[in-house]
Amino acid sequence: MTLAVFTFSLLGAMALGMPIAFAPIVCGVALMHSLDIFDSQIVAQNIINGADSFPLMAVPFFMLAGEVMNRGGLARRIVNVALALVGHVKGGLGYVAILASCVLASLSGSAAADAAALAALLVPMMVAAGHRKMYAAGLVAAGGIIAPVIPPSIGFVLFGVAGGVSISKLFLAGIFPGLMLGVGLCLAWWWVARGENIESPPRKSLREIVWAFVDGFWALMLPAIIIVGLRFGVFTPTEAAVVVAVYALFVATCIYRELKIGELYEVFVSAALSTSVVLFLVAAALVSSWLITVSEIATQIVDLVRPFMGNQTLLMLAIMLLVVIVGTALDMAPSILILTPILMPIVKQAGIDPVYFGVLFIINNAIGLITPPVGVVLNVVCGVSRISMEDIVKGIWPFMIAQLIVLLLMVLFPSIVTVPAKWFAG
């Protein structure tokens, strides 16, 4: 009965057009009434406790870092480095987009911000070079979702808080899978671009390559600072977010000088608005999460999937299929916050490594960012590239399929994730 109340109240609230952030609160209140334990003070207390978390301090700083890097010239210089390295090969601008996506992912952790920056810079260049616009925009959108996988990642922060999993271990475990997503995109782009008669730009001279690296040195240093700092315990993920934001501000204002002091107010306001949305979602989700525990919904779901409990691979396949379906209707943050309290008890009871599960869960939710009709990254790239939703959906399928294949390989062969994670963690 409680499982039915949870499902119908949550879906019903969203079907009525209620903002996603309020749906978990409605769901929690409905569960409290069904259990005859309604108390408005409990609702308020859980909302306050939901946002009162030290690890969540990373979210506003990562949001700020993303805004600064896009406006301060760091993103453009990373694209220039990628152009210098691989821009001359056949379909080179596509590989530039993929390489730049991987590097930018290690800077901001925001899929929408990275995709918007690359769409503005690269889609016009790819179209001018003769590539079909739907494939150019589709590739940039698919590359943007690498951001929640390669650290620093806002998705890992939310999952770590909601699931009680080490955020540092999640960050380090996400490096290799994120790069694998990039390799999958390279193969898909090779298949798409192989039949196009595109004249590649001339190879950059050694002097031009060196200058691109010199000009982009300060931007490229940031991933190294983050990975080394986390790997050797110099700072926690929350402290890493502060380091990223302060470093980006310093480089953008004092070294590159493309971000003026007078523009900082607008940058801070934009980051604050984005942060408020995420943190209110987190706060609201704790209401339903607390009721999920009290009403033992997780236990009921464990009973439903008990036939799969003896086979970790089948269980993971079933869970990943569920997340794919949910991802077509929910944005990444609410999906993480709603599903994590339900799925973690199942994962732990089945003996699956929570860090391994967290990586696959975030990859799956990231793919949801490019699945129509809700896909946030898909909509962002549509707006920036001025392309219709119908066209970009046609153009993104080869790349989405490639990323789903990479996800399937990680489900079938867990060592793809666990072995590199142990190596990075030392």
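From a predicted model like this one, the values you see are computed outputs, not experimental measurements.

The rules behind each value
- Residues numbered from 1 in each chain as written.
- Predicted model: local features only at pLDDT ≥ 70, side-chain atom pairs only at ≥ 80, totals over all residues.
- Heavy atoms only, no water.
- Helix = DSSP H or I, 4+ residues; strand = E, 2+ residues; numbered from the N terminus.
- Rg over C-alpha atoms; globule rule 2.2 N^0.38 Å.
- Buried < 20%, exposed > 50% of the residue type's maximum accessible area, 1.4 Å probe, protein only.
- Core = buried A, V, L, I, M, F, W, Y, C linked by side-chain atoms within 4.5 Å.
- Contact = heavy atoms within 4.5 Å.
- Expected span 1.5 Å × (residues − 1).
- Polar contact = N/O pair within 3.5 Å; in protein donor to acceptor, adjacent residues only side chain to side chain.
- Patch = residues over 30% accessible without salt bridge, like charges linked within 9 Å, V, L, I, M, F, W, Y side chains within 5 Å.
- Areas by Shrake-Rupley, 256 points an atom, 1.4 Å probe, with all protein chains shown as cover.
- Salt bridge = Lys/Arg side-chain N within 4 Å of Asp/Glu carboxyl O.
- Phe/Tyr/Trp six-rings, centres within 6.5 Å; stacked < 30°, edge-to-face > 60°.
- Axes fitted to C-alpha atoms, helices over the stretch in contact; angles between N-to-C directions.
- Parallel < 35°, antiparallel > 145°, perpendicular 65-115°, else oblique.
- Left-handed = near helix turned anticlockwise from the far one by under 90°.
- pLDDT = per-residue confidence, 0-100.
- Disulfide = S-S within 2.5 Å.

1. Some words on the overall build of the chain
Next up, step 1: The helix and strand inventory of the chain stands at 22 helices and 0 strands.
Next up, step 2: Its C-alpha atoms give the chain a radius of gyration of 21 Å, near enough to 22 Å, the size a compact globule of 426 residues would have.
Next up, step 3: The dimensions of the chain, computed from C-alpha atoms along their principal axes, are 70 × 50 × 45 Å.
Next up, step 4: Across the 426 residues in the chain, those meeting the buried criterion constitute 55%.

2. Looking at the environment of I42
Next up, step 1: Its location among the elements puts I42 in helix 3 (residues 40-51).
Next up, step 2: Among the residues examined, I42 registers a relative accessible area of 22% and is labelled partly exposed.
Next up, step 3: Along the chain, I42 and V29 lie 13 residues apart, while their C-alpha atoms are 9.9 Å from each other.

3. Considerations on the nonpolar core
Next up, step 1: Core analysis: the biggest nonpolar cluster contains 150 residues, and W189, F357 and L360 have the highest contact counts within it.
Next up, step 2: Counting residues per element, this core draws most heavily on helix 18 (residues 332-349), at 11 residues.
Next up, step 3: Apart from the residues lying within four places of it in its own chain, the contact partners of F357 are F159, M316, I319, M320, L343, M344, V347 and I352.
Next up, step 4: In terms of nonpolar packing, the next biggest core, distinct from the first, is built from 5 residues, I25, M32, V43 and V287 among them.

4. Notes on helix 19 (residues 354-367)
Next up, step 1: Relative to the 20 Å expected for 14 residues at 1.5 Å per residue, helix 19 spans 20 Å between its end C-alpha atoms, a close match to the ideal helical length.
Next up, step 2: With 13 of 14 residues buried, helix 19 is to be regarded as a mostly interior element.
Next up, step 3: Regarding helix 19, its N-cap is D353, as a side-chain oxygen of that residue lies 3.1 Å from the backbone nitrogen of V355 further along.

5. With respect to a nonpolar patch on the surface
Next up, step 1: Judged by side-chain polarity, F308, L314, L317, W397, I401, I405, L408, L409, L412 and F413 come together as a nonpolar surface patch covering roughly 850 Å² of accessible area.
Next up, step 2: Broken down by secondary-structure element, the contributors of at least two residues to the nonpolar patch are helix 17 (312-327) and helix 21 (389-412).
Next up, step 3: In this fold, L317 is placed in helix 17.
Next up, step 4: The exposure class assigned to L317 is partly exposed, which follows from its relative accessible area of 31%.

6. Some remarks on the packing of aromatic side chains
Next up, step 1: Taken as a whole and judged by the stated rule, the model has 8 aromatic pairs.
Next up, step 2: Measuring from centroid to centroid gives 6.5 Å for F62 and F171, while their planes differ by 50 degrees, and the two rings are tilted. Here F62 is found in helix 4 (residues 58-71), whereas its partner F171 is found in helix 10 (residues 167-173), with 109 residues between them in sequence. With respect to burial, F62 and F171 carry one shared label: buried.
Next up, step 3: Residues F159 and F357 carry aromatic rings whose centres are separated by 6.1 Å and whose planes lie at 55 degrees to one another, so their mutual orientation is tilted. Of this pair, F159 sits in helix 9 (residues 154-163) while F357 sits in helix 19, and the two are 198 residues apart along the sequence.

7. Focus: the packing of helix 13 (residues 217-231) against helix 14 (residues 237-255)
Next up, step 1: Direction vectors running N to C along helix 13 and helix 14 enclose 165 degrees, while the axes themselves pass 11 Å from each other. Classified by the angle their axes make, helix 13 and helix 14 are roughly antiparallel. In the packing of helix 13 onto helix 14, the handedness of the crossing is right-handed. Within the contact between the two elements, helix 13 uses W218, M221, L222, I225, I226 and L230 and helix 14 uses P237, A240, V243, V244, Y247, V251 and I255.

8. Focus: the pattern of salt bridges
Next up, step 1: Counted according to the given criterion, the structure contains 6 salt bridges.
Next up, step 2: For the salt bridge of R71 with E266, the shortest nitrogen-to-oxygen distance reads 3.3 Å. Here the residue R71 occupies a position in helix 4, and E266 occupies one in helix 15 (residues 264-294), the gap between them amounting to 195 residues.
Next up, step 3: Taking relative accessible area as the criterion, E266 reaches 48% and is therefore assigned partly exposed.
Next up, step 4: Linking K394 and E390 is a salt bridge whose minimum nitrogen-to-oxygen distance equals 3.7 Å. With a gap of 4 residues between them, K394 and E390 both fall in helix 21, about one helical turn apart.
Next up, step 5: Look at E390 and you get exposed, because its relative accessible area is 54%.
Next up, step 6: Within the structure, one salt-bridge network assembled from shared partners comprises R76, R77, D215 and E258.

9. Quick word on the environment of V234
Next up, step 1: Position of V234 relative to the elements: it lies in the loop between helix 13 and helix 14.
Next up, step 2: Assessed through its relative accessible area of 59%, V234 is described here as exposed.
Next up, step 3: When sequence neighbours within four positions are dropped, the list of residues in contact with V234 reads G229 and E239.

10. Focus: the confidence of the model for the chain
Next up, step 1: Residues with a pLDDT of 70 or more make up 94% of the chain, whose mean pLDDT is 82.
Next up, step 2: Confidence scores differ between elements of the chain, with helix 16 (residues 297-304) showing the lowest mean pLDDT of 68 and helix 19 the highest of 93.

11. Describing the state of the cysteines
Next up, step 1: Throughout the structure, instances matching the rule amount to 0 disulfides.
Next up, step 2: Cysteine C102 shares no disulfide, and the gap to the nearest cysteine sulfur, in C186, comes to 7.4 Å.
Next up, step 3: Residue C102 is classed as buried on the basis of its relative accessible area, which comes to 13%.

12. Concerning unusual backbone geometry
Next up, step 1: Although it is not a glycine, R257 adopts a positive phi angle of roughly 55 degrees.
Next up, step 2: Within the secondary structure, R257 sits in the loop between helix 14 and helix 15.
Next up, step 3: With a phi angle near 55 degrees, R386 is a residue other than glycine that sits in the positive phi range.
Next up, step 4: If you trace the backbone, R386 turns up in the loop between helix 20 (376-385) and helix 21.

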